[in-house]
Amino acid sequence: MLLFGCAKRRLQRDCQYLVRINSAMSAPRSMLLCHRGGLLLSFKGGRSTKSLPFFSFCCKLYSSRSCNEVLSNGVASRKKEINFEHLFKSCTKIYILKCLHALLAVSGKAQSIFIGTRLGNLYAHLGDVSLSQKTFCMIENKDAYTWNSMISSYVRNGHFRESLNCLNEMLSTADVKPDFYTFPPVLKACGNILDGARIHCWASKLGLEWDVFVAASLVHMYCRFQSSTFAFKIFKNMPFRDMGCWNAMISGFCQNGNAIEALSLLNEMRLEGIKMDSVTIATVLPICAQLDDIVHGMLIHLYVIKHGLELDVFVSNALINMYARFGELRHAQKVFDDMIVRDLISWNSLIAAYEQNNVPEKALKYFHEMMVNEIQPDLLTIVSLASSTAQTKNFHCCRSVHGFILRRCWIQEDVIVCNAVVDMYAKLGFIHCSRKVFDEMPVKDVVSWNSMISGYAQNGLASEAIEIYNMMKKCDDVAPNQGTWVSILPAYAHLGALREGMRTHGHVFRVALNLDVFVGTSLIDLYGKCGRLDDAMSLFYEVPRMSTVPWNAIISCHGIHGNGRVSLKLFNDMLGEGVKPDHVTFLSLLSACSHSGLVDEGKRYFHMMEQEFGIKPVLKHYGCFVDMFARAGRLETAYRFIKSMPLQPDASVWGALLGACRIHGNVELGKLASDNLFEVDPENVGYYVVLSNIYANYGKWEGVNEVRSLARDRGLKKTPGWSSVELNNKIEVFYTGNQSHPQCHEIYEELSILTAKMKTLGYTPDYTFVLQDVEDDEKEQILTSHSERLAIAYGILNTPHRSPLRIYKNLRVCGDCHNVTKLISKITEREIIVRDSNRFHHFKDGVCSCGDYW
């Protein structure tokens, strides 16, 4: 064969022999032989008119024996057959296949149904659907096999609409009828259930509906469009079911969230004596996690071991994921360690297991081990890596991950990686870095916007979150989804922007997501934190209550409103409905007990948490427990409890004690608590302010100056107090001593009138809440200019008589303003709802819902 070092001159002569063969066969035709996109040889009427390079490509198509026989004797070539089977196997590139196609055309075989179909299949296999379609069109008298091949070629290459058009053409113009090979591929191409139903009708009309392959494909199709009822009807009526049919139906139930039906069908399958295979197991294991049924999952693991399926990588990966969902990292690690062969998914599964269960050090360790084993990471690896790094709170490590991504140019190529980096910086609190990456993203999807919105909201920047959300709404190519609502509603709740929240509730209702458990819970939280407890309760009874999420939200809402007894009743209702509480439930309960002075009940639930439900308290639980004792005036008990804690106290624990020392005037214990706070959280200016207030209340101005000087030396500035009120679709914000408001004169005049009326009812200003060393008349003026009073006066001036007012304050309401608001509610016959940094106060008829306990 000329493959072995023939000279170019010999190649040209041999190709001319091929031309003469064509002429000798007396078959007038025009044919172009092409290489990678250029002309190789032109034939016209058997005469060579032009020669170009790459003759060797044509020669490589021949087996050595056939080529010598063909090119050595033109007459003999008519008697000897070329080894086309060998040539087809040699076609691994498009340009080689084109040369073979040319040879087949010259030899007159290209129009053969079998050869033409094979050429079309090979073109499609190599990714050129256009040439496959052209080859298909050249075949005369196409049979069902030819049509099926073209339809499958379209589907394999993602040309779904073309495959449906091809089927329509076959049904309308061809003399052949579809068979059971026609429908399975084209059912995968259906873009909607109407296409699928139409094809189902054709299959039924042709009597092919109950073929096992067609029926299984119909089951898959209906499940894909959330029509598991139709799928199950087909499945039940099948005269014969193979393993694929059972797997298809079980998978369909899983895709549609019917986990119980999936397990029931699995049991039915096993009763019929059909053994689970690796696909069944990988499908069922996630259901066990979804149903929180680890026992069922472990029984399946035993089945895997008994039937020798633990060596299947697919099965082992599913087991790792299942154990990770249950937090059983020891079992997940054991499965991984026992694997003989591990693929990328195995490593990703283990890394994600540690990342999702808040063990970032192990996740990073296995990432490095994966790199040592020369397993190249993919997008899922990077997502887990970014999340794990954020959990470590190590900014330098995050920068390293960012650099790792940049060096591989992934941040420019894939939006998923960009989203992971945005989320990583946001979780660390470096929101400016997060925003920079977000702004530089070449493409932003809905997850990108959601990550930025939630990043701002989680870092206490609710206004910025709303600003990003408003920018997102202007993008025509991005539609808000569940994640968007769950991110933006807490921002509205934080600001008390009830009207905007209600407008968003309308959007949620229009897209039928109001009954989604996560969106519904966010709406419960919104209305609860905006003082609309009745609306929050109505929503609570509408959403599914199978998980702790809505229960925790409503228990917390009643807690911050001072309805501790209601919170406890809701907790008992939750247990009665069979919902198992989690650590957030007990955090909400302890907080409710703290705000309502329910010390004995709080002690009982704190012990119940660990003894009955096996939930180990974390620092937040200890902080609530300390706050509960301290608010009740049992400061020494709270201090002794702190000293006996098995964990090192953090800022939340010492902060609870310090806040109570201010309320109860314990200077000595307050100084001790603040000393510890200045060690564990020296950058929080709030603690300096509280200690300064404790000193000021007792006239210890030297201590006040010392604390203020310490804060000033550390570059800390006090957070200014402000209050807001929403009127006429506008939020008005007032700072203490505000003199710049357009209605400033009317506001102070209204406050003067109200103060005079209050004094007739026995009001006396409490100067202990003035933290400046000034004269009494100045102290009264300072109290009058507190931000919440300015907001209340503005609301009275601009709303109808007796209508309720809703005020939002960023700091704790002072005791004097608390007394004043009670009296104003009585004088003006209004309900005044004030939300401060800790809780809600409902003032009505001269009484506050907190019972003066806050």
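The following refers to the structure shown. What you see as residue numbers is a count from 1 along each chain, following the sequence as written. In keeping with the model being predicted, local features are shown solely for residues with a pLDDT of at least 70 and side-chain atom pairs are shown and tallied solely at 80 or more, while totals for entire chains, interfaces and linings include all residues. The side-chain quantities take in all heavy atoms of the structure and omit both hydrogens and water.

1. Observations concerning the overall build of the protein
For the protein, the helix and strand inventory stands at 46 helices and nine strands. Burial statistics for the protein: of 854 residues in total, 50% are counted as buried. Should any heavy atoms of two residues lie within 4.5 Å, those residues are counted as being in contact. Residue pairs in contact within the protein that sit at least 24 positions apart in sequence constitute 60% of those at least 6 positions apart. Of the accessible surface of the protein, which amounts to about 41,000 Å², a share of 53% is contributed by carbon and sulfur atoms. Comment: elements are numbered from the N terminus, with helices defined as DSSP H or I runs of at least four residues and strands as E runs of at least two. Only protein chains enter the calculation, and the probe is 1.4 Å; a residue is then buried if its accessible area is under 20% of its type maximum, exposed if over 50%, and partly exposed in between. Only the protein chains shown count as cover for residues, and all accessible areas are computed by the Shrake-Rupley method using a 1.4 Å probe.

2. Notes on the sheet that holds strand E5 (residues 730-735)
Strands are labelled as partners when DSSP assigns at least two bridges between them. Strand order across the open sheet formed by six strands is E5-E4-E6-E7-E8-E9, with mixed pairing between neighbours. Of all strands in the sheet, those bounded by a partner on one side alone are E5 and strand E9 (847-848). The convention used is that axes are lines fitted to C-alpha atoms, helices contributing only their stretch in contact, and that angles between N-to-C directions extend from 0 to 180 degrees. Each of strand E4 (722-727), E5, strand E6 (805-809) and strand E7 (832-835) touches helix H45 (residues 787-798); the most contacted strand, E4, lies at about 15° to it.

3. So, the pairing of E6
In terms of residue burial, E6 counts as a mostly covered element, since four of its five residues are buried. By the bridge criterion, three bridges tie E4 to E6 in an arrangement that is antiparallel. Of the residues in E6, the one forming a bridge with Ser-724 is Tyr-808. Examined bridge by bridge, E6 and E7 share four bridges and lie parallel to one another. Along E7, the bridge assignment pairs Arg-806 with Ile-833. For the handedness criterion, the strands are oriented away from the viewer, and a crossover whose path from the first strand over the helix to the second runs clockwise is classed as right-handed. This β-α-β element, E6 to helix H46 (residues 815-828) to E7, shows right-handed connectivity.

4. Looking at the packing of helix H19 (residues 329-338) against helix H20 (residues 344-356)
The geometry of a pair of packed helices is captured by two quantities: the angle between their axes and the separation between those axes. Between H19 and H20, whose axes approach to 11 Å, the crossing angle comes to 165°. Compared by their axis directions, H19 and H20 come out roughly antiparallel. Pair H19 / H20 crosses with left-handed handedness. Contacts between H19 and H20 pair Leu-329, Ala-332, Gln-333 and Phe-336 from the former with Ser-346, Trp-347, Leu-350, Ala-353 and Tyr-354 from the latter. Classifying every residue of the contact of H19 with H20 by side-chain character gives seven nonpolar, two polar and no charged. Roughly parallel refers to an angle under 35 degrees, roughly antiparallel to one over 145, roughly perpendicular to one between 65 and 115, and oblique to any angle outside these ranges. With the far helix as reference, a near helix turned anticlockwise by less than a right angle produces a left-handed crossing, and one turned clockwise produces a right-handed crossing. Amino acids are sorted into nonpolar (Ala, Val, Leu, Ile, Met, Phe, Trp, Tyr, Cys and Pro), charged (Asp, Glu, Lys and Arg) and polar (every other residue, Gly among them).

5. Some thoughts on the pairing of E4
Inspection of the sheet shows E4 paired to E5 by six bridges, in the antiparallel sense. Within E5, the residue paired with Glu-726 across the bridge is Ile-731. Joining the antiparallel neighbours E4 and E5 is a turn of two residues, in which Asn-728 adopts a positive phi near 55°.

6. Some words on empty space enclosed by the protein
In this approach a probe as big as a water molecule rolls over the atoms, and the regions it shows empty are the leftover space. Both site types are read off a 1 Å grid over the protein atoms alone. A 1.4 Å probe that fits but cannot get out defines a cavity, while an open set with protein on both sides within 12 Å along at least five of seven lines defines a pocket; lining residues have an atom within 4 Å of a point. Grid points are joined across faces, edges and corners, and a volume is the space filled by probe spheres set on the points. One pass over the structure, following the stated rule, counts six cavities of 30 Å³ or more. Roughly 60 Å³ of internal volume is contained in the largest cavity. Lining the largest cavity, in full, are Gly-116, Thr-117, Gly-120, Asn-121, Ser-132, Thr-135, Phe-136, Ile-139, Thr-146, Ser-149, Met-150 and Ser-153. Contributions of two or more residues to the lining of the largest cavity are made by helix H6 (113-125), helix H7 (129-138) and helix H8 (144-156). The residue inventory of the lining of the largest cavity, partitioned by class, reads three nonpolar, nine polar and no charged.

7. Describing the side chain of Thr-828
Within the secondary structure, Thr-828 is located in helix H46. Side-chain polar atoms of Thr-828 contact the backbone oxygen of Ile-824, separated by 2.7 Å. Not counting residues up to four positions away in its chain, the partners in contact with Thr-828 are Leu-754, Ile-796, His-801 and Arg-802. Polar contact is the term for a pair of N or O atoms within 3.5 Å; when the atoms are in protein, one must be able to donate a hydrogen and the other to accept it, and sequence-neighboring residues count only if both atoms are side-chain atoms.

8. Observations regarding the layout of surface pockets
In this structure, the second largest pocket occupies an estimated 1,200 Å³ of space. Surrounding the second largest pocket, 25 residues form its lining, Ala-289, Asp-292, Ser-547, Thr-548 and Lys-580 being those nearest its centre. Elements represented by at least two residues in the lining of the second largest pocket include exactly helix H16 (278-290), helix H31 (517-529) and helix H33 (548-560).

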